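Summary of the model geometry
The residues making up each chain are set out below.
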Amino acid sequence: MRCHYPVRLVLIFACLFCFSSAAHAAQPPPYLPGPETLIIHAGTLLDVPGNPARARQSVIVKAGKVDSIRPGFVEKSVVEGDDNNEIIIDLREQFVMPGFIDLHVHISKEYGPNAKLETVTMDDADNALIAAMYARRTLNTGFTTLRDLGSRGRAVFALRDAIKAGKVPGPRLLVAGEALSATGGHGDIHGFRQEILDALAATATCDGPDSCRAAVRRQVKRGADVIKVTATGGVLSETAAGTGQQLTDAELRAIVETAHSLGRKVTAHAHAKEGIEAALRAGVDSVEHAMWADAQTMALFVETGAWMIPTIYPITAVGDTPEKMKQGPFGHLPAPIMEKLLQLGRQPKDMGALAYKMGVKIALGTDSGVSPHGENANEFIEYVNIGMSNMEALVAGTINAAIAAGIVHKTGSLETGKAADIVAMPGNPLDDIKAVLEVGFVMRDGIIFKHR
């Protein structure tokens with residue numbers, strides 16, 4: 001077939017297409033640091049939580065990192081070598097501090113009446129879109145780093161990588177993939193007929209030390225940043241197996257040894273006392289929940305130096321009395337789950353108070369997905385309610401969380417060379433911790449995602 005378009009016109013279209021494609025290819029993705037120097041005028045600056053806040057400071061940001069902090073409100077053209085390529089961000093009426101860190105979320109889901117049905121009706125594509133929605137929602141509340149501790153499939157890995165590449169907005173993500181569990185344990189699949197259980201078989205179940213070593217290696221091969229292990233039963237698994245220890249001491253040791261040999265930290269979901277203590281003896285780096293820990297358990301935390309991530313806010317969101325639980329958002333749960341939930345009551349809050357009193361190292365985690373995404377900052381308030389000072393609560397959700405996750409060289413405080421993860425709010429959380437619920441400015445890696 002002959003082409004009826006003039007050759008010259010075809011060549012023009014071809015050149016225009018090539019120019020457009022080349023120009024487009026040269027443009028960086030939209031969520032990467034720009035070439036400008038940013039000068040943030042902070043009315044009050046808490047650059048290193050735990051140290052005193054300072055008034056009238058300027059944070060200089062270059063290439064997504066903190067370049068320096070200077071007293072007073074620095075003006076344009078005084079930053080050496082920038083040739084007026086500077087932008088001033090006026091936060092002179094704001095309290096400015098490092099971005100918040102949550103070490104326990106499930107970003108691709110949120111528990112509700114349809115949670116069980118969604119397990120068999122939603123695939124990776126659905127989960128990726130939902131995770132992106134929840135990630136942006138959480139970022140907007142001031143959380144610039146999240147650690148996802150249990151998501152099926154590849155969705156959360158894809159989201160992590162897309163955020164890092166600047167393709168989509170979101171917090172920095174550390175990802176565990178699937179939690180390691182004994183067959184039939186808390187991290188396994190429950191509550192469906194056998195054909196569905198076979199189709200949904202978890203990739204991280206293991207039985208025996210050698211099997212558990214292999215399970216760790218599979219998760220690392222998938223791209224896991226951290227290994228999560230369900231040392232005990234859990235409240236929200238649909239099985240009447242209780243919350244006692246489910247992996248043996250030998251299995252837990254094998255998991256920790258293998259993960260550490262591959263450069264990964266290990267955090268353990270653990271509720272019952274014996275399971276918490278087994279995980280601590282095995283050498284885990286942190287324990288999630290620790291609901292039934294007692295004074296003896298707390299002493300072991302202190303002895304081993306492991307971090308506790310107490311996840312207190314979900315019990316407030318769900319209800320901390322049987323009456324509230326039955327009338328609240330989890331009142332629809334199946335009987336095996338409801339029975340375990342009703343046993344909790346105020347235990348998470350009382351346990352957290354005991355841990356703080358006994359000097360256990362605490363880092364912030366919420367288990368968001370159980371409580372709604374975007375309400376994560378309420379965990380700060382829970383920490384003040386168990387006895388922490390406002391500053392100690394802020395430390396738990398910034399520099400302590402960064403240390404516990406192994407990323408303190410990147411974030412957790414505003415110091416030269418660290419990521420420019422910065423939030424600001426009109427109120428002073430050192431005076432009223434509830435100020436953390438009103439974040440109006442969010443920057444991650446020098447990129448402004450929210451400014452009102």
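What this report covers is the structure whose coordinates are included nearby. For clarity, every value in this text was computed on a predicted model and none was experimentally measured.

Rules and cut-offs
- Residues numbered from 1 in each chain as written.
- Predicted model: local features only at pLDDT ≥ 70, side-chain atom pairs only at ≥ 80, totals over all residues.
- Heavy atoms only, no water.
- Helix = DSSP H or I, 4+ residues; strand = E, 2+ residues; numbered from the N terminus.
- Expected span 1.5 Å × (residues − 1).
- Buried < 20%, exposed > 50% of the residue type's maximum accessible area, 1.4 Å probe, protein only.
- Arc of directions from axis to C-beta.
- Contact = heavy atoms within 4.5 Å.
- Polar contact = N/O pair within 3.5 Å; in protein donor to acceptor, adjacent residues only side chain to side chain.
- Core = buried A, V, L, I, M, F, W, Y, C linked by side-chain atoms within 4.5 Å.
- Axes fitted to C-alpha atoms, helices over the stretch in contact; angles between N-to-C directions.
- Parallel < 35°, antiparallel > 145°, perpendicular 65-115°, else oblique.
- Left-handed = near helix turned anticlockwise from the far one by under 90°.
- Nonpolar A, V, L, I, M, F, W, Y, C, P; charged D, E, K, R; others polar.
- Phe/Tyr/Trp six-rings, centres within 6.5 Å; stacked < 30°, edge-to-face > 60°.
- Pairing = 2+ DSSP bridges.
- Disulfide = S-S within 2.5 Å.

The end-to-end C-alpha distance of helix α3 (residues 124-140), which contains 17 residues, comes to 24 Å, matching closely the 24 Å that a straight helix rising 1.5 Å per residue would cover. Taken together, the buried positions of α3 are N127, A131, Y134, A135, T138 and L139. Relative to the axis of α3, the buried residues are bounded by an arc of 135° and lie together on one face. Close packing links the buried residues of α3 with β6 (143-148), α4 (155-164), β14 (441-444) and β15 (447-451). Two or three places before A125, at the opening of α3, D123 has a side-chain oxygen 3.1 Å from that residue's backbone nitrogen. Once α3 finishes, G142 follows within two positions and takes phi at roughly 110°, a positive value.

On to the nonpolar core, then. Across soluble globular proteins, nonpolar side chains have a tendency to be buried as a group. Counting residues in each nonpolar core, the largest one holds 80 residues, and the members touching the most others are F100, I227, I255, F301, F380, Y383 and M425. Leave out the neighbours within four places in its chain, and F100 touches T141, G142, F143, T144, T145, F380, G397, V423, M425, V436 and V439. The next biggest cluster of nonpolar side chains, apart from the first, holds 16 residues, and it includes I40, L45, V61 and A424.

In this section: α4. In terms of residue burial, α4 counts as a mostly covered element, since seven of its 10 residues are buried. Within α4, the full set of buried residues consists of A155, V156, F157, L159, R160, A162 and I163. Buried residues along α4 sit against α3, β6, β7 (172-175), α6 (209-222) and β14. Positive backbone phi, at 80°, marks G166, one or two positions downstream of α4.

This part covers the packing of helix α8 (residues 273-282) against helix α9 (residues 295-304). Relative to each other, α8 and α9 sit at 15°, their axes nearing to 10 Å. Comparing their axes, α9 and α8 come out roughly parallel. For the crossing formed where α8 meets α9, the hand is left-handed. Together, K273, I276, E277, L280 and R281 of α8 and Q296, T297, L300, F301 and T304 of α9 make up the contact between the two elements. Residue classes in the contact of α8 with α9 are distributed as four nonpolar, three polar and three charged.

Further remarks concern the packing of aromatic side chains. A complete count under the given rule lists four aromatic pairs for this structure. Relative to F449, the ring of Y31 lies with its centre 5.9 Å away and its plane at 20°, an arrangement referred to as stacked. Pair noted here: Y31 is in the loop between α1 (7-26) and β1 (37-45) and F449 is in strand β15, with a separation of 418 residues, a long-range link. Residue F449 is classed as buried on the basis of its relative accessible area, which comes to 10%. Measuring from ring centre to ring centre gives 4.9 Å for F100 and F380, while their planes differ by 65°; the resulting arrangement is edge-to-face. Of this pair, F100 sits in strand β5 (residues 100-105) while F380 sits in helix α14 (residues 378-385), placing them 280 residues apart in sequence. An identical accessibility class is assigned to F100 and F380; each is buried.

This paragraph deals with the sheet that holds β7. Spatial strand order, β5-β6-β7: three strands in an open sheet with parallel pairing. Either end of the sheet is taken by a strand with one partner, and the two such strands are β5 and β7. For this sheet the average axis-to-axis angle between neighbouring strands, irrespective of direction, equals 15°. Pairing analysis gives four bridges linking β5 to β6, with the strands arranged parallel. Counted as the bridge partner of D102 is L146 from β6. Along the sheet, α4 contacts β6 and β7; its crossing angle with β7, the most-contacted strand, is approximately 145°.

Attention now moves to the sheet that holds strand β12 (residues 361-362). Each strand in a sheet pairs with another by means of backbone hydrogen bonds, the pair being arranged parallel or else antiparallel. Spatially, β8-β9-β10-β11-β12 is the arrangement adopted by the five strands of the open sheet, whose pairing is parallel. What marks the edges here is a single partner per strand, and that holds for β8 (226-230) and β12. Note: strand β10 (residues 286-289) against strand β11 (residues 307-309), three bridges, orientation parallel. Paired with V287 across the strands is M308, a residue of β11.

The subject of this paragraph is the state of the cysteines. Counted according to the given criterion, the structure contains one disulfide. One disulfide bridge connects C206 with C212, the sulfur atoms lying 2.3 Å from each other. The sign of the 80° torsion about the S-S bond sets the C206-C212 disulfide as right-handed.

Turning next to the environment of A254. Residue placement: A254 occurs in helix α7 (residues 249-261). Judged by relative accessible area, which is 2%, A254 ranks as buried. The spatial distance from the C-alpha of A254 to the C-alpha of G208 is 8.9 Å, given a sequence separation of 46 residues. If sequence neighbours within four positions are ignored, A254 has contacts with P209 and R213.

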